[in-house]
Amino acid sequence: MNKEFQDALPVIRRLKEHGFEAYFVGGSVRDQLLKKEIKDVDIASSAAPEQVKALFEKTIDIGSLHGTMIVIVGGIHYEITTFRTESAYEDNRRPSGVTFVSSLKEDLKRRDFTVNAMAMDDEGRIIDYFQGKEHAEAKLITTVGSPHERFSEDALRMMRAVRFVSQLGFSLSGDTYEAICEKTHLLEKISVERKTAEFEKIMAGDGSGRALKLVAETGIIDYLPGLDGKKQHLLKACALEINGLSSTEERWTALLDVLEINSIEAFLKSWKLSNRQIEMIAKNSLYLQKRKKSEWTRLSVYEAGLHCTLEVEAVYCLIKGKALSCERTAELKALYQSLPIHSKNELAIGGADLMKISSQKPGPWMGELLKKIELAVVNDEVENSKEAIKEMLASCNLI
Ligand SMILES: Nc1ccn([C@@H]2O[C@H](COP(=O)(O)OP(=O)(O)OP(=O)(O)O)[C@@H](O)[C@H]2O)c(=O)n1
Ligand SMILES: [Mg+2]
């Protein structure tokens, strides 16, 4: 049993001591089996949310009506869901306490894919009613029971299926694939935020190329913001392996480029990205266009900043079919570090100085002149000191 589970054993044991059933479930059991890094350890139990709450010192109620409670043990958050029956899940709104009373098997039966529907007890024994292990070995994503039913319960599961293709390098089973093709319209009801979270995981997984192809081929693309009519473009993006990029912003930048999106801000807004992300990706896109036209200069590196420069270079290299090398990264870092200033605030001269030297009234001329001085300093045409700048201003009749 992995350390993550061992750390969580006190949670399971406490529930059991009080007569409840409790098991590890979901992604963590799957990831242990696949020898992948384990993220959150989730627990399913026969204890109702209120009973869970009573047993642990620190709890957070994140949805007791839906049967979910977080307990904090050893500083780690564990999500404990109460066994749910299918009917509780179907009318998903406000299941009564009674609906929670059910068995582990019933709970697992209403989960999305067989590889996600395994449980593990506190002795490390795997409980696998739906051939999860077998499908994991065959690298198959296939629903527990009818794909039509599972996708009708929660349409996002169609994107989750594709996400697991990307993350795990699995394939979709035939009937799961066909059901997705038939049911994509159900994605209309799903919130953009949930779609975005899945799409970002699709872009990040090792199998991003194959997964994006599925997004295009199954018709999921038709229910994603701003991708209307972009099927051919998206198919082109499949060849890029954008998962090789190291940040979400880089991946969006590369995708926007291949998709030939013009109104970048509006596109990213429609995906409901944060303003900060939109700003970063829009800036990346701007400098990517500049980079395609010419090599980095002292000025462009200064204006873009180091973070943006390196992100754009990584995307640029990907588009050109190569990886950003350590040498190239070091070269750009050295260029950035060699700049005499890294922001306007570091200029040795300011507006007040200019007024004093020129005895002119303040006005737009000051901003324009400061910009010229900034450029001269960045380009090493003048030293960043008051005296040197004053001298330059006088000799060039700039003041
Ligand atoms: N729409 C969904 C979402 C989740 N689940 C179930 O709830 C578990 C936990 O969900 P979540 O944490 O969202 O997914 P994981 O499979 O754990 O993947 P991740 O590694 O991203 O956490 C899943 O394994 C699956 O059994 C489900 O059946 N249907
Ligand atoms: Mg999880």
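Everything discussed here concerns the structure shown above.
Conventions we followed
Residues numbered from 1 in each chain as written. Chains lettered and ligands numbered in written order. Predicted model: local features only at pLDDT ≥ 70, side-chain atom pairs only at ≥ 80, totals over all residues. Heavy atoms only, no water. Near = heavy atom within 4 Å. Polar contact = N/O pair within 3.5 Å; in protein donor to acceptor, adjacent residues only side chain to side chain. Areas by Shrake-Rupley, 256 points an atom, 1.4 Å probe, with all protein chains shown as cover. Helix = DSSP H or I, 4+ residues; strand = E, 2+ residues; numbered from the N terminus. Nonpolar A, V, L, I, M, F, W, Y, C, P; charged D, E, K, R; others polar. Domains from an automatic or database assignment. Salt bridge = Lys/Arg side-chain N within 4 Å of Asp/Glu carboxyl O. Buried < 20%, exposed > 50% of the residue type's maximum accessible area, 1.4 Å probe, protein only. Expected span 1.5 Å × (residues − 1). Contact = heavy atoms within 4.5 Å.

To continue, consider the site of ligand 1. Taken together, 14 residues sit near ligand 1, with Arg-30, Asp-112, Asn-116, Asp-154 and Arg-163 positioned nearest. Within the side chain of Arg-30, one N or O atom sits 2.8 Å away from an oxygen atom of ligand 1. Between Arg-111 and ligand 1, the recorded distance is 3.0 Å, taken from a side-chain N or O atom to an oxygen atom. In isolation ligand 1 has 560 Å² of accessible area, and contact with the protein removes 80% of it. Of all elements in the fold, only α2 (27–33) and α8 (156–168) reach the threshold of two or more residues within the shell around ligand 1. Residues of the shell around ligand 1, tallied by class, amount to one nonpolar, three polar and ten charged. Taken domain by domain, the shell around ligand 1 gets at least three of its residues from each of domain 1 (1–130) and domain 2 (139–240).

Under the definition given, this model contains 25 salt bridges. A salt bridge links Arg-328 to Glu-295; the nearest nitrogen and oxygen atoms lie 2.7 Å apart. Of this pair, Arg-328 sits in helix α18 (residues 326–337) while Glu-295 is found in the loop between α15 (275–293) and α16 (298–304), placing the two residues 33 residues apart along the sequence. Note on Arg-328: relative accessible area 15%, which makes it buried. A relative accessible area of 43% places Glu-295 in the partly exposed class. Each member of the salt-bridge network shares a partner with another, and the members are Arg-291, Glu-295, Glu-313, Arg-328 and Glu-331.

On to the environment of Ser-300, then. Among the secondary structure elements, Ser-300 is positioned in helix α16. Residue classification places Ser-300 among the buried positions, given a relative accessible area of 13%. Along the chain, Ser-300 and Lys-290 lie ten residues apart, while their C-alpha atoms are 8.7 Å from each other.

Further remarks concern helix α13 (residues 248–259). End to end, α13 covers 16 Å across twelve residues, agreeing with the expected 16 Å (1.5 Å per residue, within 8%). Along α13, eleven of the twelve residues are buried, which leaves the element largely enclosed by surrounding structure. Within α13, burial applies to Glu-249, Glu-250, Arg-251, Trp-252, Thr-253, Ala-254, Leu-255, Leu-256, Asp-257, Val-258 and Leu-259. Packing partners of the buried residues in α13 comprise α10 (192–204), α12 (231–237), α14 (264–270), α15 and α17 (306–319). Glu-260 sits one or two positions beyond α13 and adopts a positive phi of about 55°.

These figures capture arrangement, not role.
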